[in-house]
Amino acid sequence: MKSKIYLPFLFSIFLASKVDAQGLDQAIEEKVQTLLDQMTLEEKVGQMTQIDVGVVTVMDGQDVPQPFDMERLSDAIINHHIGSILNAPSTPNNQAQPIEKWRSMTQTIRTMAQQTRLKIPVIYGIDAIHGATYTQNSTLFPQAINMAATFNRDLSFKEGEIASREVKASGIDWNFSPVMDIGRQPLWPRLWETYGEDVYLASSLGRAFIEGHQGDNMSAADKAPTCLKHYVGYSFPLNGKDRTPAWIGERMLREYFLPSFEEGIKAGAPTIMVNSAEVDGIPGHANYQYLTTILRGELGFTGFTVSDWEDIIRLYSRDKIAASPREAVKMAVLAGVDMSMVPFNFSFYDLLLELVHSGDVPVSRIDEAVTRILRVKYQTGLFERNEPEILVSGNFATKEAEAINRQAAQESIVLVRNEKQFLPLSKKTSILVTGPTANLLSVMNGGWTLTWQGDNESLYPKDKLTLLKAIEQKTSGKVTYVGGKNYQDEINIEQAVNEARQHDVVVLALGEKTYTETIGNIDTLNLPFVQIQLAKALFATGKPVVLVTFGGRPRIITEIAKQANAVVLGFLPGMEGGVAMADILFGDVNPSGKLPISYPRNTNDIVHYDHKPMETFDPNQYNPLYPFGYGLSYSQFETSGLRLDKTQINIGDNIEVSVEVKNSGKITGKEAVLVYLNDVVASVTRPTKQLKAFAKVDLKSNETQTLHFDLSSEAMSFIGVDMKRRIEAGEFKVMVGSESVNFNVNEK
Ligand code: BGC
């Protein structure tokens, strides 16, 4: 991990600022209190209000250099004292804008805030979930599911650094990222926004992202606050559709869905966005137990919570648990929502004022929410900043950032089948490239790319390469492309078959178009039938086929994968995805990605790697097409000599695991070594294995390295019958590769 800690530096911070038991800086707390004491109720409620930039911009503000309607901007900031603005101009056509326009837009807002009585800055937020989404030509990384496949914390840290720097160079203050939801429902159209199905992997990569994004000091010129989302349980809808009910019992919540948020809080994330759906019948925005009892009482979160899009009013309009919009506001605020992403009007502001006047919401609750919001504004240096502090040059879309992005894309691609070492391809081979995802950038980037849905191909940078273009650039052999008019699978199968016959190899790129949220809902993981037809027709030619897939979900490829000579899963590798995929296909890069999810064999075959013993009682029950952690290389790696520093420990002690990893292949390669643990007998059924540590190493041919992992007592804990985290004495089993060793935990 790259967070360097310089002791003298820490010491000087310690001397300069006093920190209380909750970790709060006393100097900031005093400033917040002084400011709060001067605020009117209107100014306070305004701070709790967040609006879409479309409220203060002209119609089609995305197309004009100065998008603001100055009267409306002044109404929002000066008359309604709003605390925050989000999004790109102008909904519903919001799209990426030139960086200079962003700098001047955010400057206009800062200047307007300076004209208010108390000069409280407005915090501007954006969904920079894989880089500065809405700034043209920004560095757009692989999406989170791919970052997870890298099993490389260092890359996640660097992604955080780059995203933050480019957001700040755009003059924007706040990033609605990372998604800390656990991706255990593959139908869910936001699966790819998560770091996959495993709690430890998601927590580790999310933490690394936050550390890169915020640094040691969130107020530094190139650092920005993160926002953990979507707290909590959003990612597990029973029916797989976005914004539909999850049924998560308390134990499951505490085992699977809370820990990544807890880790994000420990890593210093100062804001949290609320679950837009519901868990066990209670909408996220009305859940006092989650938002207050657990978040504040147990996890000690001191930052602020922000609602998701329009979700407070939905307690009335959608969920019918509030009888009026007014009651909806009351419920959400009393449950613990501090800021409302309203976002299209001032109804929240008006209703909350009324509620305080009538005594339905106590002023103390308003003071609490505003204290949290102001605290973050001070912590992030907003009060001192009057202009974007960093220059565009040297901080935005640099060559260095592009190189790191390319490395991330390369490490995020997963080779899952390579019959008789069919790959890598020779650069002299003649190739037919075909399939609906072969010649589009959008299919490799996913949602939140230049637009919300990421599907406007015409906005994509002209200098970035699709898979087809990258293959053309790399080879000296004949490359022919048979494509359709657009993604809609309109490939002329007959033409593709005829061309296949004229070439040595077919590269067939299948998958999904880009989407996010409800727009991406599907009823089956099966691939569209025409894609299967195309694949079958190509196999029938007898020509070798390399199957490449792009898309945010594991669409079912069982039938066709077994006929392909090689299968490479691209998921959403970002702007450098085409180049990275070609690097792998032609052997310029040795693949090292591993699956962060279990890739289902069949559409109803949703069993996770960390399943319960009864799920494998019948050995076929965990039978994915490709298991979690699976991924091939052009080298071979072996782990051996698995051992522990002790075989007996007491409850609360750590244990050290060591193992040798060897590259026994002929070329240099990277390998992620995964350490699993099983609590052999416990009072609550335990997963047959759970990831507890991992490391990625870079080894030359024949090189061996010894790895050491420290398993903390927390790794041995689980949620007991009483819903409290506990460790039970008894036997534990550590597994790495094909080896396992046991140890005993004794009562103290
Ligand atoms: C999404 C959030 C996002 C917000 C602001 C919502 O629809 O659920 O993830 O941060 O919009 O754009």
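Up top is the structure these notes are about.
Predicted, not measured: the structure shown is a model, and the values here were computed from it.

Description of the pattern of salt bridges
Counted by the stated rule, this structure contains 50 salt bridges. A salt bridge links Asp 311 to Arg 314; the nearest nitrogen and oxygen atoms lie 2.8 Å apart. When its relative accessible area of 1% is taken as the criterion, Asp 311 is described as buried. Residues joined in a network through salt bridges with shared partners are Arg 190, Glu 193, Asp 242, Arg 243, Asp 308 and Glu 517.

Some thoughts on the sheet that holds strand β4 (residues 174–175)
Strand order in the open sheet made by the five strands is β4-β3-β2-β1-β10, with parallel pairing throughout. Only two strands of the sheet have a single neighbouring strand rather than two, namely β4 and β10 (340–341).

A closer look at helix α11 (residues 288–298)
Among the residues of α11, those classed as buried are Tyr 290, Leu 291, Thr 292, Ile 294, Leu 295 and Arg 296. Its side-chain oxygen 3.2 Å from the backbone nitrogen of Gln 289, Asn 287 forms the N-cap of α11. Gly 300 sits one or two positions beyond α11 and adopts a positive phi of about 65°.

Here's the deal with the side chain of Ser 260
Along the chain, the position of Ser 260 falls in helix α10 (residues 259–266). Residues in contact with Ser 260, not counting those within four places in the same chain, are Met 180, Ile 182 and Ser 203.

Here we look at the sheet that holds strand β15 (residues 545–550)
The mixed open sheet is built from six strands, whose spatial order is β11-β16-β15-β14-β12-β13. A single partner strand is all that each edge strand has here, and the edge strands are β11 (414–418) and β13 (479–482). Neighbour-to-neighbour, the strand axes of this sheet turn through a mean angle of 15°, independent of strand direction. Bridge analysis of β15 against strand β16 (residues 566–569) gives four bridges, and the strand direction is parallel. Paired with Leu 547 across the strands is Val 567, a residue of β16. Relative to the sheet, helix α20 (residues 529–540) contacts β12 (431–434), β14 (505–511) and β15, its axis offset from that of β14 by approximately 170°.

Topic: the environment of Asp 588
Within the element layout of this structure, Asp 588 appears in the loop between α22 (577–585) and β17 (637–644). You can call Asp 588 partly exposed: its relative accessible area is 40%. Taking the C-alpha atoms as reference points, Asp 588 and Lys 474, separated by 114 residues in sequence, lie 9.8 Å from one another. Sequence-distant contacts of Asp 588, that is, excluding residues within four places in its chain, are made with Lys 427, Lys 474 and Asp 583. At 2.9 Å, the side chain of Asp 588 forms a polar contact with the side chain of Lys 427.

So, the packing of helix α2 (residues 26–38) against helix α15 (residues 363–379)
Contact geometry of α2 with α15 gives a least axis separation of 9 Å together with a crossing angle of 130°. Overall, the two elements α2 and α15 adopt an arrangement that is oblique. The two elements α2 and α15 cross, and the hand of that crossing is right-handed. Contacts between α2 and α15 involve Ile 28, Glu 29, Lys 31, Val 32, Leu 35 and Leu 36 from the first element and Asp 367, Val 370, Thr 371, Leu 374, Arg 375, Tyr 378 and Gln 379 from the second.

So, how was this worked out
- Residues numbered from 1 in each chain as written.
- Predicted model: local features only at pLDDT ≥ 70, side-chain atom pairs only at ≥ 80, totals over all residues.
- Heavy atoms only, no water.
- Salt bridge = Lys/Arg side-chain N within 4 Å of Asp/Glu carboxyl O.
- Buried < 20%, exposed > 50% of the residue type's maximum accessible area, 1.4 Å probe, protein only.
- Pairing = 2+ DSSP bridges.
- Helix = DSSP H or I, 4+ residues; strand = E, 2+ residues; numbered from the N terminus.
- Polar contact = N/O pair within 3.5 Å; in protein donor to acceptor, adjacent residues only side chain to side chain.
- Contact = heavy atoms within 4.5 Å.
- Axes fitted to C-alpha atoms, helices over the stretch in contact; angles between N-to-C directions.
- Parallel < 35°, antiparallel > 145°, perpendicular 65-115°, else oblique.
- Left-handed = near helix turned anticlockwise from the far one by under 90°.

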